[in-house]
Amino acid sequence: MASQVKVQQIAVSDKLCKGCYLCIWACPWDVLEISEERNWRGVKKPYAARIDQCRACRLCEWYCPDFALQVIVDEKEKRELLEVEEKYERPWLERVRKRDEIIKEGVWWLED
Amino acid sequence: MIPEAEFEHVLAKKYMRTEIMPHAFCPGCGLGIIERMILMAFEELGQEEWDRTVFVSGIGCSGWTPLYFRRDAAHTLHGRALAFATALKASRPDLNVVVVMGDGDSMGIGGNHLIHAARRNIGITAIIATNMLYSLTGGQMSPTTPEGARTNTTPYGNIEPNFDLMELLKAAGATYLARWTTYHFIQAKNSIKKAVKHKGFAAIEIVFQCPTYAGRYILNRPDPRDMLQWFKENSIPLGVAKNKSPEELKGKIIVGEYLHRTDRKEYTERLRELEERAKGKGR
């Protein structure tokens, strides 16, 4: 889990998404939402409604059975912390930052 | 920004035949998650391991899974995937043989091959995808259907008790055993990684969601999200389950790494030894 990683885009494929919405179930930060319109395959795709809350934990990506979703991280910029995070999650973020540095060297989903 | 029309996932681009995607599976089927577990395990193991891996699969929904990989795969007879894999491993011991089977494929029609592969302790990685019924043919009862469950062929409830695969294979002599659900993503991926490197018969049972049949008939949860929530609430780790009574564990999935032993010799090693002994005697 990355603390201050800025997410550029959550790409959802038109061709592959079947609309099971496991990504929405998996997201702990309530980022994704079902879109109103149907695409050319007749699927109401999920889209990133509140992308500023996304912390790039990639649970949505892992639980997607159809390889239709990908979290694309902006590597240059850092995300601005939300007000709630500043207030309550500061110590936690400091702890997580150390882990981020370890993760950066290996494969991005490798733990410890 | 990536345009969403011609979007391809990083893993899919590297390892999968994207030209035949989307999958043939139903929306929300857990087999896609099992595919991702396998691919992520091999991403961490490295290209070298991937290059000498062969997939074997049987018949059933689970038989589709290796066909989407850009890797050699054998789609074999119903229940005989392990027989084919045994021949492959015996002739080429340097290959990683990964067998993806369903519960009907491995325990129903191919139960004989399963226990004898475990008895020989041949170095095959068997990934057994369990969805608690035969889903390809329309939801018939299978050896893993829980007692009392209603399916297409048991409309008044199933009167047979189900298999406990882990105990069966432990008795048969397998050397690596683990059971996870699709909810336990990281754990299952790590188990696959361990099993591929393990010398000897390794079996990983992954309980996955089949919203179309298991969800509708057995659990009364036709939504894949509800099924994953059910897995989350009804799976108990092995260490916690030790202290509980059998009444409390009824209807629960006990997950964890059951067995990891290194004291038994692998079958292909015995075969090579025999070969050398026979050669020496002949001359």
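Predicted, not measured: the structure shown is a model, and the values here were computed from it.

A. Looking closely at the interface of chain A and chain B. Chain A puts 31 residues into the contact, and the matching count from chain B is 40 residues. When chain A packs against chain B, the two sides together hide about 3200 Å² of surface, and 62% of this comes from carbon and sulfur. For the pair chain A and chain B, the number of links is zero salt bridges. If you look at where chain A meets chain B, you find 13 residue pairs in polar contact (both at pLDDT 80 or more). For the side of chain A that touches chain B, the elements supplying multiple residues, two or more each, are β1 (5–12), α1 (22–26), α2 (59–63) and β4 (69–78) of chain A. Tallied by class, the residues present in the side of chain A that touches chain B amount to 19 nonpolar, four polar and eight charged.

B. Layout of helix α10 (residues 224–234) of chain B. Residues and elements named next belong to chain B. Every buried residue of α10 is listed here: Pro224, Met227, Leu228, Trp230, Phe231 and Asn234. Angularly, the buried residues of α10 cover 155° about the axis, an arc narrow enough to put them on a single face. N-cap assignment for α10: the residue whose side-chain oxygen lies 2.9 Å from the backbone N of Arg225 is Asp223.

C. Geometry of the confidence of the model for chain A. Here chain A shows a mean pLDDT of 80. Residues at 70 or above account for 74%. Per-element confidence in chain A ranges from a low mean pLDDT of 68 for helix α4 (residues 90–105) of chain A to a high of 92 for strand β2 (residues 32–34) of chain A.

D. Examining the sheet that holds strand β3 (residues 96–102) of chain B more closely. Residue and element names in this part refer to chain B. Reading across from one edge, β2-β1-β3-β4-β8-β7-β10-β9 is the order of the eight strands in this open sheet, with mixed pairing throughout. Unpaired on one side and paired on the other, β2 (73–75) and β9 (235–237) mark the two borders of the sheet. Neighbour-to-neighbour, the strand axes of this sheet turn through a mean angle of 20°, independent of strand direction. Here strand β7 (residues 176–181) runs beside strand β8 (residues 202–207); their pairing, made up of six bridges, is parallel. Of the residues in β8, the one forming a bridge with Trp180 is Ile206.

E. Layout of the packing of helix α6 (residues 111–120) of chain B against helix α7 (residues 165–172) of chain B. Residue and element names in this part refer to chain B. The N-to-C vectors of α6 and α7 enclose an angle of 45°; their axes lie 8 Å apart at closest approach. Considered as vectors, α6 and α7 are oriented oblique to each other. Counting all contacts with α6, which are made through Leu114, Ile115, Ala118 and Arg119, the residues of α7 involved are Leu165, Leu168, Leu169 and Ala172. Residues that form the contact of α6 with α7 fall into these classes: seven nonpolar, no polar and one charged.

F. Focus on unusual backbone geometry. With an omega dihedral of 10°, the bond running from Met21(B) to Pro22(B) counts as a cis peptide bond. In this structure, Pro22(B) sits in the loop between α1 (10–15) and α2 (31–45). Even without being glycine, Asp30(A) reaches a positive phi, approximately 60°. By the secondary structure assignment, Asp30(A) is in the loop between α1 and β2. The class for Asp30(A) is partly exposed, based on a relative accessible area of 46%. A positive phi angle, near 55°, is found at Ala56(A), a position not held by glycine. Looking at the element boundaries, Ala56(A) is found in the loop between β3 (46–48) and α2. Judged by relative accessible area, Ala56(A) falls into the buried class, the value being 10%.

Calculation notes
- Residues numbered from 1 in each chain as written.
- Chains lettered and ligands numbered in written order.
- Predicted model: local features only at pLDDT ≥ 70, side-chain atom pairs only at ≥ 80, totals over all residues.
- Heavy atoms only, no water.
- Contact = heavy atoms within 4.5 Å.
- Buried area = accessible area lost by both parts, 1.4 Å probe.
- Salt bridge = Lys/Arg side-chain N within 4 Å of Asp/Glu carboxyl O.
- Polar contact = N/O pair within 3.5 Å; in protein donor to acceptor, adjacent residues only side chain to side chain.
- Helix = DSSP H or I, 4+ residues; strand = E, 2+ residues; numbered from the N terminus.
- Nonpolar A, V, L, I, M, F, W, Y, C, P; charged D, E, K, R; others polar.
- Buried < 20%, exposed > 50% of the residue type's maximum accessible area, 1.4 Å probe, protein only.
- Arc of directions from axis to C-beta.
- pLDDT = per-residue confidence, 0-100.
- Pairing = 2+ DSSP bridges.
- Axes fitted to C-alpha atoms, helices over the stretch in contact; angles between N-to-C directions.
- Parallel < 35°, antiparallel > 145°, perpendicular 65-115°, else oblique.

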